[in-house]
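Overview (structure and organization)
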Amino acid sequence: MRFLALASRHRVVIILGLTLIISALVVPGYFSASTLGLGLDRAATIGLIAIGLTVLLIAGQIDLSGGAVFALAGIVSVILQREIGILPAAIVGILAGMLAGAINGALVVGLKVNSLVLTLATMLIFRSLAHWITNSQPVSGADIMLSLALAKIYLDVFTIRSALFIILIVLLHVWLTRTIPGRNVFAVGSNPAAAKESGIASDRIVFLGFVFAGTLAGLAGVLQSLVTNTGSPVFGSELTVAVIAAVVVGGTRLGGGRGSALGTLGGVLTIGSLTIAMEFQSVPAYVQQVVSGLILILLVVLDRAVTTKGRAPGTRPALVRDNPITQGGNT
Amino acid sequence: MTAAADCALDMRGISKTFPGVKALSDVNFAVRFGTVHAVVGENGAGKSTLMKVLNGSYAPTSGTIKVGGAEVRMRRPADAQALGIRMVHQEINLVPDLTVAENVYLGRMPGRWSFLRKGEMVRKAAAVLDELGAAINPRERLGNLSISQQQLVEIAKAYAAQPRIIVLDEPTSSLSEHETAALFRILRKMRDDGIAIIYISHRLKEVLEIADEVTVLRDGSMIETRPTEGITAAQMIRLMVGREVSNVFPKSPAEIGESVLRVERIGDGTRFRDVSFDVRAGEILGLTGLVGAGRTEVARAIFGLSRLVEGTVSVNGRKVSINSPSQAVKAGIAYVPEDRKGDGIVPGMSIRENISLPILRRLSRFGRIKRGADRALAADYVKQFSISPPDGERRINLLSGGNQQKAVIAKWLAAKPSALILDEPTRGVDVGAKAEIHNIIGQLVAGGMAVVMISSELPEILGVCDRVVVMRDGHACEPLEPAELSEERIMALATGEEMA
């Protein structure tokens, strides 16, 4: 039992380790720096969105529209390149993601609706907007040179994108564990009523959580469009599932109140290395999704097996000797 | 000290109307600094509403509130907290995933530029817990604590805020006698520090022990405020219910018949084993014991909510194999669970829908529910059990605890079981409803049903049950016959201290 609980706590490490070992056995030269760098860069896109989603899930919310915001932000930044220049266009793209997040947050908080349903709806809307703006055609950017710079691998491992991801994960870790707003996010997700009663501005935290998630999805989308020099309305359509899988593999609870940045890092690396390994073995994309799905199911089952067995015994009052009625019996 | 400065809280002419209901009418309520002031009343008397007005959750329809002599207006709980008013709820209202220290300082953690000063927070929380005499590690995750420890953390949280007025709502409902004594020491210390303490409880003996003054509410009105000196529990009950509570546990003697439910040497492999008893038609068998002795686990296993690994269960002489509640219902066993909110009711549904839930198949034809039969059935039970308000279409979670419990019992009666297991059927219900529930149980056995009643309250067990099984550490004693029943005997069996 203790072993199981321990295994559950450090499961990200175990899962990541297993993934790497199996990948190394199956894929020759898996541990070469360039493979790792490629895997990390691939993981960074998932990872940037996962950072936002980690905060939201801890706060007891979810955002399914990340993949659509990713596409939309990328398109905005590519379309505007010729008119206002690459950097301003990139900033506008990120702002578009921020705006999308603000819309999600305002609707969830303002209408007091379930974020799963709401972001499902906005996911459709954002995705359709992306098709509408582009007439469902990919759009290409002004300058291919920047793409090459962004795709370049520094220090044998890092691209700009993956370095950014690692830096943000570290900042997220500090924020979640060491700052008061970070701790309050856990309170809001774990027991909203208690948080509210203690004067924590739950609504503001939830709203800002959505803004943060939207901004990061936008950032990921802009980076992707810069790297590929393309904006496409179909970008990121399978991203949401991979992102949720990564965050949940990392031990963040779907119900809110539990999660960590380092766990998400582990989850993202797991999904990333798995993807790379399968790509090297020419496993088709749809099979990769099947594997992600199966892993998710396995984790949920493992999680339940550990938590229900380890639950504290039921709570009942001690044997009460006195009782108002008998005392009232005019003794 | 002047009278005005002495007055911590002065609520005048407070009324609160909800659509269709007048929850409070013209209530005057004043509390002085440095006193413990008890508020008593039946469920639905308006205690909770009054406290929600006091902590800013509800705005009163009319009336004025003065705190420390100055008139105030509170729009949200944060306003009340800014005025130094703190609530300790009956239900634990903490964050299970944060540490004890983080919970104590929830909403006001110490820090600089929003960076948490964890060391300082842990140190301060440890000091507060220490002052309250609670041996709890401030670094522990709150969810890992027992309920009574969590209750102490809740009190520490309120105390750490250095309140001027602190409201405790049924703080002892999950505390043992020992812990209650410790809590009272804390309360006296807080009182001597000059804090005004408002103490809400059903346990009148505790009220008499700890409170300096008591205010009685009934039906949304303030009946009386007076010193506890010289008042008896009996007088308080009279004020609370507005009538004499005559016979305490009215049990009409029922004819005892054949054995209906018999369990032999059952065990679940972990929490109880070798438990045997039988209960006969027309009989109430009490099942009691200390917390964690395995009473609820036995009941849940018999009802098919958890698995038995050994032993047999028979109903009306026939061995049955039960692996799910639906099989239990088919075999003629019904179970009214302890956790009413979690397991007993479907909150969003009406009284009628809740009652007919287990027997919808019988009430429908070709998959369509016969509305008329459904309504008639609910109306019958609402009347028979005097469920208040007598409106079958009312959503069940809007009822008081006692009335919800009556509806849950009605739900299972509609299924016409031959054996009924009641788990703490009167926990958290008020004096009047308690008597009514006992009455209902009396009627049931008079009609030939076999009843197993789990209860932690010895007077209830002794007053209601024909025979009693005491459990300790997962083992059950031989059923005690009426001649052997005494408080001392049960306590001795429950604690394992054999009598000389």
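Residues numbered from 1 in each chain as written. Chains lettered and ligands numbered in written order. Predicted model: local features only at pLDDT ≥ 70, side-chain atom pairs only at ≥ 80, totals over all residues.

Counting secondary structure elements, chain B contains 19 helices and 24 strands. Long-range pairs, those at least 24 residues apart, make up 68% of the contacts in chain B between residues at least 6 apart in sequence. (Helix = DSSP H or I, 4+ residues; strand = E, 2+ residues; numbered from the N terminus. Contact = placed C-beta atoms within 7 Å.)

This next bit is on the overall build of chain A. The helix and strand inventory of chain A stands at 16 helices and 2 strands. Within chain A, buried positions represent 49% of all 331 residues. Sequence separation of 24 or more characterises 79% of the internal contacts of chain A that already satisfy a separation of 6 or more. (Buried ≥ 20, exposed ≤ 12 C-beta atoms within 10 Å, placed from the backbone.)

So, on to the confidence of the model for chain B. Summarising the model, chain B shows a mean pLDDT of 81, and 89% of its residues fall at 70 or more. On the interface metric, ipTM, the complex scores 0.76, and its pTM is 0.69. (pLDDT = per-residue confidence, 0-100.)

Strand pairing in a sheet relies on backbone hydrogen bonds, with the paired strands running either antiparallel or parallel. Residue and element names in this part refer to chain B. Overall, mixed pairing links the 6 strands, which are arranged β6-β9-β10-β3-β11-β12 in an open sheet. Of all strands in the sheet, those with a lone pairing partner are β6 (85–88) and β12 (221–227), marking the two edges. The sheet shows a mean angle of 20° between the axes of neighbouring strands, taken without regard to direction. As paired elements, strand β3 (residues 36–40) and strand β11 (residues 213–218) share 4 bridges and run parallel to each other. Looking at β11, one finds that valine 40 is bridged to valine 216. Along the sheet, helix α2 (residues 47–54) makes contact with β3, β6, β9 (165–169), β10 (196–200) and β11, crossing β9 at roughly 150°. (Pairing = 2+ DSSP bridges. Axes fitted to C-alpha atoms, helices over the stretch in contact; angles between N-to-C directions.)

Residue and element names in this part refer to chain A. Where helix α9 (residues 160–178) meets helix α14 (residues 261–280), the closest approach of the two axes is 8 Å, and the angle between their N-to-C directions is 150°. Classed by the angle they form, the pair α9 and α14 counts as roughly antiparallel. Taken together, the residues of α14 that come into contact with α9 (itself represented by Ile169, Leu172, His173 and Leu176) are Ala261, Leu262, Thr264 and Leu265. By residue class, the composition of the contact of α9 with α14 is 6 nonpolar, 2 polar and no charged. (Parallel < 35°, antiparallel > 145°, perpendicular 65-115°, else oblique. Nonpolar A, V, L, I, M, F, W, Y, C, P; charged D, E, K, R; others polar.)

On to the sheet that holds strand β16 (residues 310–315) of chain B. Residues and elements named next belong to chain B. Strand order across the open sheet formed by 4 strands is β14-β13-β16-β17, with antiparallel pairing between neighbours. Strands with a single pairing partner mark the edges of an open sheet, and in this sheet they are β14 (275–280) and β17 (318–320). Between one strand axis and the next, the sheet turns by 20° as a mean value, whatever way the strands run. Taken together, the 5 bridges between strand β13 (residues 259–267) and β14 define a ladder with antiparallel strand orientation. Following the sheet pairing, arginine 262 is matched in β14 by aspartate 278.

One recurring pattern in soluble globular proteins is that nonpolar side chains are buried together. Formed by 164 residues in total, the largest nonpolar core has its most connected members in Ile49 and Leu72 of chain A together with Ala156 of chain B. Considering each element in turn, this core owes the most residues, 15 residues, to helix α12 (residues 202–228) of chain A. The residues contacting leucine 72 of chain A, other than those within four sequence positions of it, are Ala96, Ala100, Phe126, Leu129, Ala130 and Gly221 of chain A. Grouped together as the second largest cluster of nonpolar side chains are 76 residues, Leu308, Val329, Val469 and Ala476 of chain B included. (Core = buried A, V, L, I, M, F, W, Y, C linked by C-beta atoms within 7 Å.)

Moving on: unusual backbone geometry. Residue lysine 112 of chain A is not a glycine yet carries a positive backbone phi of 50°. Inspection of the secondary structure puts lysine 112 of chain A in the loop between α6 (86–111) and α7 (115–134). For lysine 112 of chain A, a count of 8 C-beta atoms within 10 Å gives the class exposed. We note that asparagine 316 of chain B has phi near 50°; this positive angle belongs to a residue other than glycine.

Turning our eyes to something else, we now look at helix α16 (residues 401–414) of chain B. Note on helix geometry: an α-helix contains 3.6 residues per turn, so any two residues three or four positions apart are oriented the same way. With 14 residues, α16 of chain B should reach 20 Å at 1.5 Å per residue; the first-to-last C-alpha distance of 20 Å fits that figure. Looking at the residues trailing α16 of chain B, positive phi occurs at lysine 416 of chain B, about 50°. (Expected span 1.5 Å × (residues − 1).)

This part takes up the pairing of strand β21 (residues 419–423) of chain B. Residue and element names in this part refer to chain B. A large share of β21 lies buried, amounting to 5 of its 5 residues. Covered by surrounding structure in β21 are Ala419, Ile421 and Asp423 together with Leu420 and Leu422, the residues of both alternating faces. Here strand β18 (residues 333–336) pairs with β21 via 4 bridges, running parallel. Considered in β21, the bridge of alanine 334 is made with leucine 420. Pairing analysis gives 5 bridges linking β21 to strand β22 (residues 450–454), with the strands arranged parallel. Residue pairing across strands places alanine 419 opposite alanine 450, the latter belonging to β22.

We now examine the packing of helix α4 (residues 66–79) of chain A against α6 of chain A. Residue and element names in this part refer to chain A. At a minimum axis separation of 7 Å, α4 and α6 run at an interaxial angle of 150°. When the axes of α4 and α6 are compared, the pair comes out roughly antiparallel. Crossing angle aside, the handedness with which α4 passes α6 is right-handed. In this structure, α4 uses Val69, Leu72, Ala73, Gly74, Val76 and Ser77 to contact α6, whose residues at the interface are Ala89, Ala90, Val92, Gly93, Ile94, Ala96, Gly97 and Ala100. (Left-handed = near helix turned anticlockwise from the far one by under 90°.)

For the rest of this paragraph, the subject is the environment of glycine 348 of chain B. Residues and elements named next belong to chain B. The residue glycine 348 is located in the loop between α12 (340–344) and α13 (351–356) in this model. Taking the C-beta count within 10 Å as the criterion, glycine 348 has 10 such neighbours and is therefore assigned exposed. Expressed as a C-alpha distance, the spacing of glycine 348 and leucine 398, which sit 50 residues apart in the sequence, is 9.4 Å.

Residues and elements named next belong to chain B. With respect to the helices and strands, the residue glutamate 255 is situated in the loop between α9 (233–241) and β13. The class of glutamate 255 is exposed, set by 11 C-beta atoms lying within 10 Å. Between the C-alpha atoms of glutamate 255 and valine 445, which are 190 residues apart in sequence, the distance is 8.4 Å.

Looking at the element boundaries, glutamine 405 of chain B is found in helix α16. Linking glutamine 405 of chain B and lysine 434 of chain B, residues 29 residues apart in sequence, is a C-alpha distance of 9.8 Å.

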